[in-house]
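Below, each chain spelled out in residue letters.
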Amino acid sequence: MSVMKNRAVLRWLVPVTAGVAVIGGGAAVGTFAAGADPALPPRSAAQLLEDLRTSRLDGLSGTVVQRADLGLPPIAALAGRATGNDLAGLVSGTHTLRVWYGGEDRQRLALVDTLGEQDILRNGRDVWTWNSRENTATHRVLPADAPERATVPATPADAADRALEAIDPTTAVTVGRTATVAGRDVYELVLTPRDKASLVHQVRIALDAKEHVPLRLQVLADGQDEPAFQVAFTQVDFRTPEADQFRFNPPPGVQVTEATEDERTGPAGKRFDRKDAEKPDVRTVGTGWTTVVVAEIDGATTGDGAKPGVDAPDAQMLAQVLGDLPKVSGDWGSGRLLSGKLFSVLLTDDGRVIAGLVTPERLYEAAKG
């Protein structure tokens, strides 16, 4: 299977969230690049990209550690709790995941923390999510004509996929240093946005010198020496996992929910009826690294101010956090600004959310339109 020709493979390949030593600790960080840089035959950026395009992956398993230091308020964890998807909390802090890949229709991801484990498994058309803390599981059967898509909405490989898509005249592509990741020699591709309005300084993708698949991804913010976002394998095995790894055996006493295509479920077991949630009107402004997303969300809340599928207490906490954001205004209108090391989000008083990996000034320009 060609890696570059299959997005589902890429989403499971790149452990972009690697700095996350087992939740609550950081011991794994030292395994990323210990000792002197390995001596590897010289490869140009074009050669490394070709290596990536022609590489093939039949199976993989390993441990991925992610660290995110985006300079954000504790809104990410709150959003995850409110939506029933604790995986949303991966945008902050340190986390450890176990991943297994056995083909396009056999994948498994396990998020391990101090209080338990959450698993997402796909085995053919069967998709299971399981939360050990609540001992709940949700089962869903994918339709036979379902388009190719990743079972997990946000895996480390998603970030590398997006980064590779950004390679165009707005991006400088160079070769970085050789290194060692998870005990394997790697080359490093460096993507540098040319537009100074981008808050991304560099994206560094470490490619296995033999298998040519991404083993680490680092995102450096403008003006920062340490990665704001890093995900990498601390241990990896390129053998195809046994079929049993993708079968879910409900533990004793588990509460199983059968989901339909009209419902969306999160790892915590909460269910959201699609017909209850209004889809926002979304458009984009600009191209490349400075693309800005504009979403019209006016009227997307319920009468009590809660979002569909969000419990009222969580909605009130979320509203309080949003209310603490700094007020901003200009010839575009007024609103509140959420800014981090890598991105900015503008919530306007007229019901728009404008976001991008850009400076706030670029958001204000988009808001005028």
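The paragraphs below set out a description of the structure included in this document. Treat the numbers as computed from the prediction; the structure is a model and nothing was measured.

A tally of helices and strands in the chain yields six helices and 21 strands. Going through the 369 residues of the chain one by one, you find that 49% of them count as buried. Contacts in the chain between residues far apart in sequence, at least 24 positions, make up 60% of those at least 6 positions apart. On the chain, roughly 17,400 Å² of surface is accessible, and the fraction owed to carbon and sulfur atoms is 50%.

On to the pattern of salt bridges. Taken as a whole and assessed by the stated rule, the structure comprises 12 salt bridges. Among the salt bridges present, the one from Asp37 reaches Arg177, with a minimum N-O distance of 2.5 Å. Taken together, the residues Asp37 in the loop between α1 (7-13) and α2 (45-54) and Arg177 in the loop between β7 (171-175) and β8 (179-181) connect sequence positions 140 residues apart. On the accessibility criterion, Arg177 (60% relative accessible area) is exposed. Two residues, Asp69 and Lys341, come together in a salt bridge whose shortest N-O distance is 3.0 Å. One end of the pair, Asp69, is in the loop between β1 (60-68) and α3 (75-83); the other, Lys341, is in the loop between β19 (333-339) and β20 (344-348), with 272 residues separating them in the sequence.

With that settled, consider helix α6 (residues 360-368). Looking only at α6, the buried set comprises Pro360, Leu363, Tyr364, Ala366 and Ala367. An end-on view of α6 places all buried positions within 160 degrees of arc, on one side of the element. The inward-facing, buried residues of α6 abut β16 (281-285), β17 (292-296), β18 (327-330), β19, β20 and β21 (352-356).

The subject of this paragraph is unusual backbone geometry. Positive phi, close to 50 degrees, is recorded for Asn135, a residue that is not glycine. When you line up the elements, Asn135 lands in the loop between β5 (126-131) and β6 (136-141). A relative accessible area of 21% means that Asn135 is categorised as partly exposed.

To continue, consider α2. Among the residues of α2, Ala45, Leu48, Leu49, Asp51 and Leu52 are the ones counted as buried. All buried residues of α2 project into a common sector of 155 degrees when viewed along the axis, lining one side.

An order of β16-β17-β21-β20-β19-β18 is seen for the six strands of this open sheet, with the pairing classed as antiparallel. Two strands bound the open sheet, and with one partner strand each, they are β16 and β18. The sheet shows a mean angle of 25 degrees between the axes of neighbouring strands, taken without regard to direction. Here β19 pairs with β20 via five bridges, running antiparallel.

Quick look at the nonpolar core now. With 46 residues, the main nonpolar core has Leu60, Val203, Ile205, Leu215, Phe233 and Leu342 as its most contacted residues. Counting residues in hydrophobic clusters, the runner-up holds 12 residues, among them Val292, Val294, Trp332 and Ile354.

Structurally, the position occupied by Asp208 is in strand β10 (residues 200-208). At 2.7 Å, the side chain of Asp208 and the backbone nitrogen of Glu211 are in polar contact. Not counting residues up to four positions away in its chain, the partners in contact with Asp208 are Arg184, Asp185, Val186, Val213, Leu215 and Phe238.

With that out of the way, let us pick up the pairing of β10. Within β10, seven of the nine residues are buried, leaving the element largely enclosed by the surrounding structure. Strand direction decides the pairing type here: strand β9 (residues 184-193) and β10, joined by six bridges, are antiparallel. In the strand pairing of β10, Tyr187 is matched with Leu207. Connecting the antiparallel pair β9 and β10 is a turn made up of six residues. Sheet topology places β10 next to strand β11 (residues 214-221); seven bridges connect them, and they run antiparallel.

Before going further, it helps to spend a moment on the packing of aromatic side chains. By the definition in use, this model includes three aromatic pairs. Ring geometry for Trp130 against Phe248: centres 6.3 Å apart, planes inclined by 50 degrees, an arrangement best described as tilted. Within this pair, whereas Trp130 is found in strand β5, its partner Phe248 is found in the loop between β12 (229-237) and β13 (255-258), the two being separated by 118 residues in sequence. Phe248 carries the same exposure label as Trp130, and that label is buried. With centroids separated by 5.3 Å and ring planes inclined at 10 degrees, the aromatic side chains of Trp332 and Tyr364 adopt a geometry described as stacked. Taken together, the residues span a long stretch of sequence, with Trp332 in the loop between β18 and β19 and Tyr364 in helix α6 at a distance of 32 residues. Pair check on accessibility: Trp332 and Tyr364 agree, each one buried. Each residue in the set Trp128, Trp130 and Phe248 is aromatic and connected to the rest through ring pairs, giving one cluster.

Basis of the calculations
- Numbering of residues starts from 1 in each chain and follows the order in which that chain's sequence is written.
- Predicted model: local features are reported for residues with pLDDT of at least 70 only, side-chain atom pairs are reported and counted for 80 or more only, and whole-chain, interface and lining totals are derived from all residues.
- To obtain the side-chain values, all non-hydrogen atoms of the structure were used and water was disregarded.
- Starting at the N terminus, helices and strands are each numbered in turn, a helix being any DSSP run of H or I of at least four residues and a strand any DSSP run of E of at least two.
- Each residue gets one of three labels from its accessible area relative to the maximum for its type: buried under 20%, exposed over 50%, partly exposed in between, using a 1.4 Å probe on protein chains only.
- We call two residues in contact whenever any of their non-hydrogen atoms come within 4.5 Å of each other.
- Accessible areas in this description were obtained via Shrake-Rupley with a 1.4 Å probe; residue shielding takes into account the shown protein chains only.
- In what follows, salt bridge is the name for a side-chain nitrogen of Lys or Arg lying within 4 Å of a carboxyl oxygen of Asp or Glu.
- Of all possible arcs, the one meant is that of the directions from the helix axis to the C-beta atoms.
- We call two strands paired when DSSP finds no fewer than two bridges between them.
- Between N-to-C directions, angles span 0 to 180 degrees; the directions come from axes that are lines fitted to C-alpha atoms, helices contributing only their stretch in contact.
- In this text, buried Ala, Val, Leu, Ile, Met, Phe, Trp, Tyr and Cys residues form a nonpolar core when linked through side-chain atoms within 4.5 Å.
- Polar contact is the term for a pair of N or O atoms within 3.5 Å; when the atoms are in protein, one must be able to donate a hydrogen and the other to accept it, and sequence-neighboring residues count only if both atoms are side-chain atoms.
- Ring pairs are drawn from Phe, Tyr and Trp, using the six-membered ring of Trp, whenever the two centres fall within 6.5 Å, and their geometry is named by plane angle: stacked under 30 degrees, edge-to-face over 60, tilted for the rest.

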